[in-house]
Amino acid sequence: MSNFFGLLQNENMKIYRRSSAKVMLIIMLGLILAAGLIIKFSGDQPKDDPHWKQTLAQENKELNKQMVSIKGNKQVTESFKKEIAINEYRIEHNLKPQKGETLWKFVDDTASGLIMVISIFTIIVVSTSIASEFDTGTIKLLLTRPIYRTEILLSKYVSALLFTVACLITLFIASWLLGGILYGFGGAGEAHLLYDNGTVYQSSWTIDVWKNYLLNCVSLFMMVTFAALIASMFRNGGLAIGLSIFTMMASSIVITFLQKFDWVKYVLFANTDLTQYTAGTPLREEMTLGFSLTVLAVYYVIFVLVGWAFFTRRDIKA
Amino acid sequence: MSNNAEANKPSVRLEHVSKRIGGKTIIDDLSFDIYSGEVFGFLGPNGAGKTTTIRMIVGLMRMSQGNIYIQGHSIKGEFKKAIRQVGAIVENPEMYKFLTGYQNLLHYARMIPGISKDRIMEVVKLVELQDRIHEKVKRYSLGMRQRLGVAQALLHHPSVLILDEPTNGLDPQGIHDLRNYMHKLSREENVSVIVSSHLLTEMQLMCDRIGILQKGKLIGVETVSEFIEKGAAKVRMQVDDARLAAQIVKDKLSIDAAAPDETTIEVPVDHDKIPVVIDTLVISKIKIYSVITVAKSLEDRFLEVTGGKSVE
């Protein structure tokens, strides 16, 4: 592993020197810009409310009334309680609520959509990185060096994941800057209030955004690994890209259809959305975070082992 | 070269190498040695197993049986040590077209410890690409790509150079250059070169020894000169009446002579029997204007050895 760094440099060079890397960057920045402009000009920005404390107090009264009237439904009650607690906290600590879009809201809103785009990009990158060596025949020169095939495959996989990290950082910076330009950098200091078990506390937006990024990346991580598996197995970039993106897109629909079956919980895509445990309800009642992590780990190990076996064992004929 | 090479330890040794794919035997019990400083040619019709053998030597394919040693290191057991000694061009010189020539070389240099930027520029100079090394490979001609291919194979001072069909698609100048590099490396740096090709005349010019492969079996390893001399020579004569002359040769000496046109006959005959043929014709009043001995080409010999199978 002494020259693993050199292998990473090589793979990075092959990722970023391709013209597709520039196209991907432009598409990503374009989508962020488009999202920003659409949000900015489609919705009305609400007027500033000088008596916001009264408004919030009024709101809480209403919420309390409603809560009494619908008693019984635990989930709805819980969400009312949360809202009331946050409003009280704002009045108490003199934290004016920001209406409409703000810098941080924008950063948070763009996350899930853009991470889907980054998933597609990374699937393309990892599939191309593995399969194009076979398409062009460069695999013959690559594998006749004093480097084990395992190291080559690992360097390709790691460099693709580093590409994801680079994309996430770009996304964060670009959406932060655009959010600031469109909605004012004043929003940067906005308080981020969270509610947990009856208490309200202030948290950092940066940490929360990255937490959001990471949760969204679970699916990305699994699909990129899946794409690497298909590319190593069939040595065909188009197949790996197509199959992975199709599976990723179709998964949520299929999972909704299968929701009533007991065994759906063992399907990969029932477990990739971990936000079902942090906010919202799990797909099936018996599912827990630990269960999902176990299922993900099992799939991951299978993907890695099968992909590795195909890449390292098969003869190079092409 | 092969004379003093016999004294050396073999730089590449194949021991009972077999390859079976799906119950079919592609390579059958291949054993031979290649020595330092010699150019060894693999010859055989398409599908005879040349490429498979070369791919097993460089570790791209696994063998089903046997072992291959490069400078004493098994390609199976000590892959890194064995392959460190090898520079290879397997079929066309495939490079990353979206990178420059220099970036391609840098890419391969990073995979082997101890290759400096100076060494990269040294091989660039050797293959005379210094003017265009910073251009993207997609703008290179095939000859330039081939030279870049040679450069990447030489970066790490290999002691064994393996070229699979190296002249594919090269123009005469490119073939000439490649031949020169190979001879230079084998003569001056004592590198063993293994070449496979179906271009027989090329092989004749390039190789010291030739191994003929047919249906996955090695049916002979000989030096090029031995190989050609073993076959009978041919004599071409300008005469006044070719048809009559051919008839006489057939009747009196029982040799089947060909008469490609009215004044030329070609007589396949051993060197020491040539005067007998001339005597016979002169006695029969055939007028002879010229006699040329035509050495059998590698191609003729090859067809003879492989039983007349086309080489394509």
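Quantities reported herein were computed from a predicted structural model and do not represent experimental measurements.

Chemist: Sorry if this is basic, but what is going on with the overall build of chain A here?
Modeler: Along chain A, the regular secondary structure elements total 12 helices and two strands. Across chain A, helices and strands are ordered from the amino to the carboxyl terminus as α-α-α-α-α-α-α-β-β-α-α-α-α-α. By its C-alpha atoms, chain A is 75 × 45 × 35 Å across when sized along the principal axes. Looking at chain A as a whole, 31% of its 318 residues qualify as buried. Expressed as a percentage of contacts within chain A between residues at least 6 apart in sequence, the contacts between residues at least 24 apart total 78%.

Chemist: Is there a simple way to explain the interface of chain B and chain A in this structure?
Modeler: Accessible area lost on assembly of the parts is the figure often given for the size of an interface. Counting from both sides, the interface comprises 27 residues of chain B and, opposite them, 22 residues of chain A. Contributions of two or more residues to the side of chain B that touches chain A are made by helix 3 (79-83), strand 6 (86-90) and helix 4 (101-109) of chain B. When its residues are assigned to classes, the side of chain B that touches chain A shows 15 nonpolar, five polar and seven charged.

Chemist: Just to check I follow, could you spell out the sheet that holds strand 2 (residues 24-35) of chain B for this structure?
Modeler: To summarise the sheet geometry, strands pair through backbone hydrogen bonds and adopt either a parallel or an antiparallel arrangement. Residue and element names in this part refer to chain B. Taken in spatial order, the four strands make up an open sheet running 2-1-4-5, and their pairing is antiparallel. Bordering the open sheet on either side are strand 2 and strand 5 (73-74), each of which pairs with just one other strand. As paired strands, strand 1 (residues 10-21) and strand 4 (residues 65-70) are joined by five bridges and run antiparallel to one another. Directly across from valine 12, in strand 4, lies its bridge partner isoleucine 70.

Chemist: I tried to follow helix 12 (residues 289-313) of chain A on my own but got confused; where do I start?
Modeler: Turn by turn, an α-helix covers 3.6 residues, leaving residues three or four places apart pointing in a common direction. Residues and elements named next belong to chain A. Relative to the 36 Å expected for 25 residues at 1.5 Å per residue, helix 12 spans 36 Å between its end C-alpha atoms, a close match to the ideal helical length. Three or more residues of helix 12 are buried, namely Ser292, Phe303, Gly307 and Phe311. For helix 12, the elements touching its buried residues are helix 7 (149-183), helix 8 (205-234) and helix 10 (268-271).

Chemist: Before we go on, may I ask you to explain the UniProt feature "transmembrane region" (unreviewed entry) in chain A in this structure?
Modeler: All names here are of chain A. Summarizing the sequence annotation, UniProt attributes the feature "transmembrane region" (unreviewed entry) to residues 21-39, 111-132, 153-178, 213-231, 238-258 and 289-311 in the numbering used throughout. Along residues 153-178, the helical share is 100% and the strand share 0%, with 37 Å between the first and last C-alpha atoms. Annotated as 100% helix and 0% strand, the span residues 238-258 places its first and last C-alpha atoms 29 Å apart.

The rules behind each value
Residues numbered from 1 in each chain as written. Chains lettered and ligands numbered in written order. Predicted model: local features only at pLDDT ≥ 70, side-chain atom pairs only at ≥ 80, totals over all residues. Helix = DSSP H or I, 4+ residues; strand = E, 2+ residues; numbered from the N terminus. Buried ≥ 20, exposed ≤ 12 C-beta atoms within 10 Å, placed from the backbone. Contact = placed C-beta atoms within 7 Å. Nonpolar A, V, L, I, M, F, W, Y, C, P; charged D, E, K, R; others polar. Pairing = 2+ DSSP bridges. Expected span 1.5 Å × (residues − 1). UniProt positions renumbered as here; feature names shortened; annotations may be inferred.

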